[in-house]
Amino acid sequence: MINSLFVINKQGKIIIEKHWRGIISRQIVDVFNDECTKFMHSLPGSMDNNGAGSLSVKEAYFTREDVPPILETNKYWLLNVLREDLTWLCPVEREVDPMLVFEFIHRIIDILTDYLSDVSETSIRENFVTVYQLLEEMMDYGYPLTTEPNALKEIIMPPTIMNKMITTVGAAAGVAPKLPQSMSNIPWRKAGVKYAQNEIYFDIVEEIDATIAANGSVVSCEAHGTVLANSRLSGMPDLSLNFVNARVIDDVSFHPCVRNRKWESEKILSFVPPDGQFKLMSYRTTLSPYQAIPLQVKPQIIPTSNGGRFDISVQPRSTDGKPIENVVITLPMPKSSTSVNATCNVGQYMYDPVNKSIRWEIGKLQLRDRAPVLSGTFSTSESNPELGMSIGLDFQINLFSISGLKVDSLRIFHEAYKPYKGVRCMTKAGNIHIRT
């Protein structure tokens, strides 16, 4: 299925590599870097013509984030994932389900985050042994094997200072690491878990992806949500989680612990939870125009000779009395901009002359607050600057679910104790583009 994995830094250099089915030459990374450079310097739509029409200028039209997840070469398909300035590359030469490869790569990154707290070039170099051990246990001859954190931690100890000392002393004395004695028959949960205080917490996090037309009408809007859990329960509990309005969600993806048949018939989540933190489910829901965006942004950009002027107003909408926090608006300027002069009545703004964009940090907004307004002028070196940019919007609302999804009840079976239960909701901006 999966031949090899290469982890590449921002400079295109290999940090770590792992081969499961034969060895692929490291020159494939140079091929990947060339393909990325070719794409970033191509015009939109020109890659369909075998790269014809590439730009002759030094400035790239696209960024690294715009590179497609699958690049085709003469011999390989280059499946790649970019996360935290690191590129995870899997060259594939046979027909394979790409979503399986992408899911496995993201699972590797999530496991390393659980082990190392921060997945970066520095943390990987400092924990080479642990990273290689995890890659060896997570896949066998190109097929995913052990991908659950609890099962992996029974085999490979997290790289704490004490564990490093035990490993070093044991290796010097010629003593092999102690193998787990009591493996659970459920792969995602350890056996013999005991806590003095039993508790479980759920976080419902929803991100809004939307495109808003210049006149304020909603072109597309949907919310992508995840239900994160933190379980600290003793024994082997069996849980049933009920939602108030589970019918509002679509395209559901579950953790392996969830019984899918129970959900399909009764819309109830029935599962034996893993120990610790895990993602219980993810889902998508389509939002109506009335509940689309908790903020109404009204942009107005008027071009003039060698420049133009702009006015942006923001009006909060009803969010059940919850304040909208960390509101940030990003306004791109024309590439030929030479100077920007602006004023705002709320928050503060900063113009980036390198990226040619204005970042307006508004902060916290409530329904009764006065409407924030940013207005100003800009000058360009061209008489007719190119306009039509998309405004970016970022915000966060605590204790609020844009889809209306709420937890109704949580029941526990096969255990006598009554755990403490907590539920929190949060809505934040995902990819929101407001056309001008």
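Remember, predicted model here, so these are calculated numbers, not experimental data.

### Things to note about the overall build of the protein
Inference 1: When its secondary structure is counted, the protein shows 7 helices and 23 strands.
Inference 2: Residues classed as buried in the protein amount to 44% of the 436 residues present.
Inference 3: Expressed as a percentage of contacts within the protein between residues at least 6 apart in sequence, the contacts between residues at least 24 apart total 68%.
Inference 4: With the model as given, the accessible surface of the protein reaches about 23700 Å², and the carbon-plus-sulfur share is 49%.

### With respect to the pattern of salt bridges
Inference 1: Under the criterion given, the structure shown has 16 salt bridges.
Inference 2: We note a salt bridge from Asp238 to Arg259, for which the minimum N-O separation is 2.9 Å. With a gap of 21 residues between them, Asp238 in strand β10 (residues 238–243) and Arg259 in the loop between β11 (250–254) and α7 (260–266) connect regions that are remote in the sequence.
Inference 3: The class of Asp238 is buried, set by a relative accessible area of 12%.
Inference 4: For Arg259, a relative accessible area of 35% corresponds to the partly exposed category.
Inference 5: Salt bridges sharing partners connect three or more residues here, namely Glu222, Asp251 and Arg284.

### A short note on the packing of aromatic side chains
Inference 1: In this structure the tally under the stated criterion is 6 aromatic pairs.
Inference 2: Ring pairing ties together the aromatic residues Phe243, Phe254 and Trp263, which thus form one cluster.

### So, helix α4 (residues 128–138)
Inference 1: Residues Thr130, Val131, Leu134, Leu135 and Met138 constitute the buried set of α4. Down the axis of α4, the buried set is contained in an arc of 135°. They therefore lie on one face.

### A word on the nonpolar core
Inference 1: Counting residues in each nonpolar core, the largest one holds 37 residues, and the members touching the most others are Ile208, Ile293, Leu295, Phe310, Ile329, Leu393 and Phe395.
Inference 2: Ile329 has contacts with Val297, Ile312, Val314, Ile358, Arg359, Trp360, Ile362, Ile391, Gly392 and Leu393, leaving out every residue within four places of it along the chain.
Inference 3: In terms of nonpolar packing, the next biggest core, distinct from the first, is built from 32 residues, Leu5, Ile124, Met138 and Ile156 among them.

### Some details on the environment of Pro98
Inference 1: Position of Pro98 among the secondary structure elements: in helix α2 (residues 98–116).
Inference 2: Sequence separation of Pro98 and Pro69 is 29 residues, and the distance between their C-alpha atoms is 9.4 Å.

### A few points about the sheet that holds strand β12 (residues 268–271)
Inference 1: Reading across the sheet, the 3 strands line up as β12-β10-β22 and stay open at both edges, with antiparallel pairing between neighbours. Both outer strands of the open sheet, β12 and β22 (407–413), are each paired with one neighbouring strand and no more. Going across the sheet, the axis of each strand differs from the next one's by a mean of 15°, ignoring polarity.
Inference 2: In the sheet, β10 pairs with β12 via 4 bridges, with the strands oriented antiparallel. Looking across to β12, one finds that Leu239 is bridged to Phe271.

### Topic: α2
Inference 1: Here α2 spans 27 Å end to end across 19 residues, near enough to the 27 Å set by a 1.5 Å rise per residue.
Inference 2: For α2, every residue scored as buried is listed here: Val101, Phe102, Phe104, Ile105, Ile108, Ile109, Ile111, Leu112, Tyr115 and Leu116.
Inference 3: The N-terminus of α2 is capped by Asp97, whose side-chain oxygen sits 3.2 Å from the backbone nitrogen of Met99.
Inference 4: Trailing α2 by a residue or two, Ser117 shows a phi angle of about 70°, which is positive.

### Quick look at the side chain of Thr319
Inference 1: By the element assignment, Thr319 lies in the loop between β15 (307–316) and β16 (324–332).
Inference 2: Residue classification places Thr319 among the buried residues on the basis of a relative accessible area of 5%.
Inference 3: In terms of polar contacts, Thr319 uses its side chain to reach the backbone carbonyl oxygen of Lys322, at 2.5 Å.
Inference 4: The residues contacting Thr319, other than those within four sequence positions of it, are Pro294, Ile324, Ile397 and Phe400.

### Structural notes on the side chain of Arg284
Inference 1: Looking at where Arg284 falls in the secondary structure, it is placed in strand β13 (residues 276–286).
Inference 2: For Arg284, a relative accessible area of 19% gives the class buried.
Inference 3: Within polar-contact distance, the side chain of Arg284 engages the side chain of Glu222 at 3.3 Å.
Inference 4: Excluding residues that lie within four positions of it along the chain, Arg284 makes contacts with Glu222, Ala223, His224, Ile249, Asp250 and Asp251.

### Some remarks on the sheet that holds strand β20 (residues 373–380)
Inference 1: Across the sheet, 4 strands lie side by side as β14-β15-β20-β17; this open sheet has antiparallel pairing. The open sheet has two edge strands with one neighbour each: β14 (295–304) and β17 (337–344). Geometrically, the sheet is characterised by an average inter-axis angle of 15° between neighbouring strands, direction not taken into account.
Inference 2: Pairing between β14 and β15: 10 bridges, direction antiparallel. What sits directly across from Lys298, in β15, is Ser313.

### Quick notes on the packing of α2 against α4
Inference 1: Relative to each other, α2 and α4 sit at 140°, their axes nearing to 11 Å. By the criterion of interaxial angle, the relationship of α2 to α4 is oblique. For the pair α2 and α4, the crossing hand works out as right-handed. Residues Phe104, Arg107, Ile108, Ile111, Leu112, Tyr115 and Leu116 of α2 touch α4, and the partners they reach there are Thr130, Val131, Leu134, Leu135 and Met138.

### Remarks on the pairing of strand β21 (residues 390–398)
Inference 1: Two strands pair when backbone bridges link them, and β16 and β21 are joined in this way by 4 bridges, in the antiparallel orientation. If you follow Val328 over to β21, its bridge partner there is Asp394.
Inference 2: Direction of pairing for β21 relative to strand β23 (residues 420–435): antiparallel, over a ladder of 6 bridges. The residue bridging Gln396 from the neighbouring strand is Lys428, located in β23.

What counts and what doesn't
Residues numbered from 1 in each chain as written. Predicted model: local features only at pLDDT ≥ 70, side-chain atom pairs only at ≥ 80, totals over all residues. Heavy atoms only, no water. Helix = DSSP H or I, 4+ residues; strand = E, 2+ residues; numbered from the N terminus. Buried < 20%, exposed > 50% of the residue type's maximum accessible area, 1.4 Å probe, protein only. Contact = heavy atoms within 4.5 Å. Areas by Shrake-Rupley, 256 points an atom, 1.4 Å probe, with all protein chains shown as cover. Salt bridge = Lys/Arg side-chain N within 4 Å of Asp/Glu carboxyl O. Phe/Tyr/Trp six-rings, centres within 6.5 Å; stacked < 30°, edge-to-face > 60°. Arc of directions from axis to C-beta. Core = buried A, V, L, I, M, F, W, Y, C linked by side-chain atoms within 4.5 Å. Pairing = 2+ DSSP bridges. Axes fitted to C-alpha atoms, helices over the stretch in contact; angles between N-to-C directions. Expected span 1.5 Å × (residues − 1). Polar contact = N/O pair within 3.5 Å; in protein donor to acceptor, adjacent residues only side chain to side chain. Parallel < 35°, antiparallel > 145°, perpendicular 65-115°, else oblique. Left-handed = near helix turned anticlockwise from the far one by under 90°.

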